[in-house]
Amino acid sequence: VLMRQKRHVYDYQTFWREKQEVPKFSNQKYQKVLNELKKLDFKSVLEIGSGQGELTRLIMDNFAIEKIECVDISSRFLVQIPHNQILKRTLADFLYYDTEERFDLVIASHFLLHIEPRNLLLAWDKMCKFSKKYIVHIDPTKETINRPKWEYYNFPHDYNQLHPSAEFKQVEKY
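Residues numbered from 1 in each chain as written. Predicted model: local features only at pLDDT ≥ 70, side-chain atom pairs only at ≥ 80, totals over all residues. Heavy atoms only, no water.

**Q** When you look at the confidence of the model for the protein chain in this model, what are you seeing that I'm missing?
**A** A low pLDDT score tells you not to read the predicted coordinates there in detail. When the pLDDT values of the protein chain are averaged, the result is 79; 71% of them are 70 or greater. When mean pLDDT is taken per element in the protein chain, strand 1 (residues 44-48) scores highest with 96 and helix 1 (residues 12-18) scores lowest with 54. Ignoring residues within four places in sequence, the model shows residues 1-10, a span with pLDDT below 50, making 9 contacts including any to other chains. (pLDDT = per-residue confidence, 0-100. Helix = DSSP H or I, 4+ residues; strand = E, 2+ residues; numbered from the N terminus. Contact = heavy atoms within 4.5 Å.)

**Q** Help me understand unusual backbone geometry in this model?
**A** For residues besides glycine, phi is generally negative; the peptide bonds are generally trans as well. The phi dihedral of His110 falls on the positive side, at around 55 degrees, and the residue is not glycine. With respect to the helices, strands and loops of the structure, His110 is situated in the loop between strand 4 (103-109) and helix 5 (117-130). His110 sits in the partly exposed class, given a relative accessible area of 25%. (Buried < 20%, exposed > 50% of the residue type's maximum accessible area, 1.4 Å probe, protein only.)

**Q** Can you walk me through the packing of helix 2 (residues 27-37) against helix 3 (residues 54-62) in this structure?
**A** The description of two helices packed together rests on the angle between their axes and the distance between the axes. Where helix 2 contacts helix 3, the two axes come as close as 11 Å, and the packing angle between them is 50 degrees. When the interaxial angle is binned, helix 2 and helix 3 end up oblique. Two packed elements cross with a definite hand, and for helix 2 against helix 3 that hand is right-handed. Each of Tyr30, Val33, Leu34 and Leu37 in helix 2 lies in contact with helix 3, whose residues at this interface are Leu55, Leu58, Ile59 and Asn62. Class assignment for the residues of the contact of helix 2 with helix 3 results in 7 nonpolar, 1 polar and no charged. (Axes fitted to C-alpha atoms, helices over the stretch in contact; angles between N-to-C directions. Parallel < 35°, antiparallel > 145°, perpendicular 65-115°, else oblique. Left-handed = near helix turned anticlockwise from the far one by under 90°. Nonpolar A, V, L, I, M, F, W, Y, C, P; charged D, E, K, R; others polar.)

Rendered as structure tokens:
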């Protein structure tokens, strides 16, 4: 008897629209991200894959910013981000998102991890397009993922090879 393992097909739009919640930052990771962001000078922020707004709150609570736009594919997540006058919530698939605005800081946590390899360069190019100064992405690598195997919706990428002119600084493996 041959048994076949079910193969998951990654339909990212459906997956993220139906996902109920995302893992939270640990206090240690929260502090490390905060320490790195304090080294940067920014007033405007584009957060990609903002989820339930954990990183949004960290930025709004700790920095004197003039505007922040949160882009996420899930309306369930976006509605959990508290509204205020400097915050814009945008329901969109980032691969199709466009704006004339440019931001001092483009930031994404666990976003590129979920981009299929065939779309990685497109996502990176869009991040570069919208950034005036900085791009920060917080993503585990194949070597640092703390799971026995990668789930079907996670993709290991070599971020050092992503773009030849990009200067990557790996702050810490987690």
